[in-house]
Amino acid sequence: MKAVYLVKYGKSDTAFEIREVEIPVVSNDQVLIKVEAFGINFADVMARLGLYKGAPPLPALLGYEVVGHVEKCGSNVQDIKVGDRVSAITRFGGYAEYAVAQKEVANIIPESMSAGTAVALATQYTTAYFLSHTMANIHEGDKVLVHAAAGGVGTALVQMALHKKCLVFGTGSSLDKMDYLRKNGVHHPINYLEKDFASEIKTILGTGGLDVIFDPVGGLSVRKGYKLLTAGGRLLSYGVSSMNKTKSIFGKIRVLAQFGIYHPLQFLSNSRGMIGVNMLKLGEDNPEKVANAMKAVINLAQKGIIRPFVGGEYKVDQIAEAHEYLESRKSMGKIVVKW
């Protein structure tokens, strides 16, 4: 089979190489999928830059989600059969013509579902569901801030918060993204390049505070956000994209320092919480939680409650362009690569 390997850290146009390798072998609890398309996430960009601690060593086969038809089933697989079309989460290995997935995180989908929608549901919407429904447990009337609200996970979080009848604030970095946020239902879009998000939210809310913040940015964004929380509020940190803005070790140390220093007594006295979420670690230790979230989002999508937006479709030989577009922060929604 053909597979897209990360062979060099750095710029996307020199980082990848398409290689001929053996088709992977399935274990008893896995399925082999003939891949129709795979998705790209910001974690892939971080891995390409050598900034993702959990990524495999070079040469690395990246990829967290695929859509395609089941080619082979392990002996313990009962609910999926050869020929079924599935959306699946992969622990790397998704950038290939064939990929393996654990049976728990391969879910049957209709033939009519677009490839972009299918891969968005697998990782980004599953992440958003776990963040919003399991860890934050959002409720009707909650005041919610979604950072990077035009991205794949951000789009999903906004839709889930709106479904729960929350008041939604969303940040983005361009006029196009502000329009996108409005169309997705965000009540208060904030261009963080033009306005300080914290000051803007304080002006809008007056004496009140936020109930929930979803933050994939990290650094100063977390410190400023924590101060916006009301009693009972919680901030969920699930990325450090601000780390990508600096190449020097001193810049990275500065970003880490900008998070601030916290003590449990702060959380106790202010009745505020801070939660970190790493979906890769969750999948390793508690795969059933990921599986449950994935089943839930597929159900919500089939009911029309959530609507993934595909912001870019690329062919495999355009993998560098796809990465560059995502890294540019101009992208909105899900980026999908098709074989």
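Parameters and conventions
- Residues numbered from 1 in each chain as written.
- Predicted model: local features only at pLDDT ≥ 70, side-chain atom pairs only at ≥ 80, totals over all residues.
- Heavy atoms only, no water.
- Helix = DSSP H or I, 4+ residues; strand = E, 2+ residues; numbered from the N terminus.
- Buried < 20%, exposed > 50% of the residue type's maximum accessible area, 1.4 Å probe, protein only.
- Contact = heavy atoms within 4.5 Å.
- Areas by Shrake-Rupley, 256 points an atom, 1.4 Å probe, with all protein chains shown as cover.
- Lys, Arg positive; Asp, Glu negative; His and termini not counted.
- Charge placed at Lys NZ, Arg CZ, Asp CG, Glu CD.
- Pairing = 2+ DSSP bridges.
- Axes fitted to C-alpha atoms, helices over the stretch in contact; angles between N-to-C directions.
- 1 Å grid on protein atoms, 1.4 Å probe; cavity = no way out; pocket = protein on both sides within 12 Å on 5 of 7 lines; lining within 4 Å.
- Points joined across faces, edges and corners; volume = space filled by probe spheres on them.
- Nonpolar A, V, L, I, M, F, W, Y, C, P; charged D, E, K, R; others polar.
- Phe/Tyr/Trp six-rings, centres within 6.5 Å; stacked < 30°, edge-to-face > 60°.
- Lys NZ or Arg CZ within 6 Å of the ring centre and 35° of its normal.
- Salt bridge = Lys/Arg side-chain N within 4 Å of Asp/Glu carboxyl O.

### Examining the overall build of the chain
Part 1: Helix and strand counts for the chain come out as twelve helices and 15 strands.
Part 2: Dimensions of the chain along its principal axes, counting C-alpha atoms only, are 60 × 45 × 40 Å.
Part 3: The 339 residues of the chain split such that 53% are buried.
Part 4: Across the chain, contacts joining residues at least 24 apart in sequence account for 68% of those joining residues at least 6 apart.
Part 5: By element, 53% of the accessible surface of the chain is carried by carbon and sulfur atoms, the whole surface being about 15,300 Å².
Part 6: On the chain, the mean spot of the 39 positive side-chain charges and the mean spot of the 31 negative ones are 7 Å from each other.

### Let's talk about the pairing of strand 12 (residues 229–237)
Part 1: In terms of strand pairing, strand 11 (residues 210–215) meets strand 12 through five bridges, oriented parallel. Bridge pairing in strand 12 places Asp 215 opposite Ser 237.
Part 2: Sheet topology note: the strand 12/strand 13 (residues 273–276) ladder contains four bridges and is parallel. Bridge assignment links Ser 237 to a residue of strand 13, and that residue is Gly 276.

### Topic: the sheet that holds strand 11
Part 1: Taken together, six strands build an open sheet; the order of strands is 10-9-8-11-12-13 and the sheet is parallel. At either margin of the open sheet sits one strand with a lone partner, and together these are strand 10 (188–191) and strand 13. Each neighbouring strand pair of the sheet contributes to a mean axis angle of 15°, computed without reference to strand direction.
Part 2: With respect to the sheet, helix 6 (residues 197–205) is in contact with strand 8 (143–146), strand 9 (167–172), strand 10 and strand 11, its orientation differing from that of strand 9 by roughly 155°.

### Structural notes on the environment of Gln 124
Part 1: Within the secondary structure layout, Gln 124 lies in helix 3 (residues 115–135).
Part 2: Along the primary structure Gln 124 and Gly 333 are separated by 209 residues, whereas in three dimensions their C-alpha atoms are 9.5 Å apart.
Part 3: Look past the residues within four positions of Gln 124 in its chain and what remains in contact with it is Ile 40, Asn 41, Gly 152, Val 153, Ala 156 and Lys 334.

### Things to note about the environment of His 139
Part 1: Mapped onto the fold, His 139 is located in the loop between helix 3 and strand 8.
Part 2: C-alpha of His 139 to C-alpha of Asp 285: the two residues are 146 residues apart in sequence and 27 Å apart in space.
Part 3: His 139 has contacts with Lys 164, Cys 166 and Arg 234, leaving out every residue within four places of it along the chain.

### Comments concerning the layout of surface pockets
Part 1: By volume, the second largest pocket amounts to about 200 Å³.
Part 2: The wall of the second largest pocket is formed by Asn 76, Val 77, Gln 78, Asp 79, Ile 80, Lys 103, Glu 104, Ala 106, Asn 107, Ile 108 and Lys 295.
Part 3: Broken down by element, the lining of the second largest pocket gets its largest block of residues, three residues, from strand 7 (residues 106–108).
Part 4: Within the lining of the second largest pocket, the residues separate by chemical class into four nonpolar, three polar and four charged.

### Here we look at the packing of aromatic side chains
Part 1: For the structure on display, the rule yields eight aromatic pairs.
Part 2: Between Tyr 180 and Phe 309, the aromatic rings sit 5.2 Å apart at their centres with planes inclined by 55°, giving tilted as the arrangement. Of this pair, Tyr 180 sits in helix 5 (residues 175–183) while Phe 309 sits in the loop between helix 11 (287–302) and strand 14 (310–315); the two residues are 129 residues apart in sequence, bridging distant segments of the chain.
Part 3: Measuring from centroid to centroid gives 6.0 Å for Tyr 226 and Phe 267, while their planes differ by 70°, and the two rings are edge-to-face. Placement of Tyr 226 in helix 7 (residues 220–226) and of Phe 267 in helix 9 (residues 264–270) is noted, with a sequence separation of 41 residues between them.
Part 4: When its relative accessible area of 4% is taken as the criterion, Tyr 226 is described as buried.
Part 5: Phe 267 sits in the partly exposed class, given a relative accessible area of 24%.
Part 6: Between the NZ or CZ atom of Arg 272 and the centre of the ring of Tyr 226, over which it lies, the distance is 5.2 Å.

### As for the side chain of Thr 117
Part 1: Looking at the secondary structure, you find Thr 117 in helix 3.
Part 2: For Thr 117, a relative accessible area of 16% corresponds to the buried category.

### Quick word on the pattern of salt bridges
Two side chains that carry opposite charge are able to pair once their charged atoms sit near each other.
Part 1: Inspection of the entire model under this criterion finds 15 salt bridges.
Part 2: The partner of Glu 284 in a salt bridge is Arg 91, and the shortest N-O contact between them spans 2.3 Å. Residue Glu 284 is located in helix 10 (residues 279–285), and its partner Arg 91 is located in the loop between strand 5 (85–89) and strand 6 (98–102); the two are separated by 193 residues in the primary sequence.
Part 3: The exposure class assigned to Arg 91 is partly exposed, which follows from its relative accessible area of 48%.

That is the geometry; function is a separate question.
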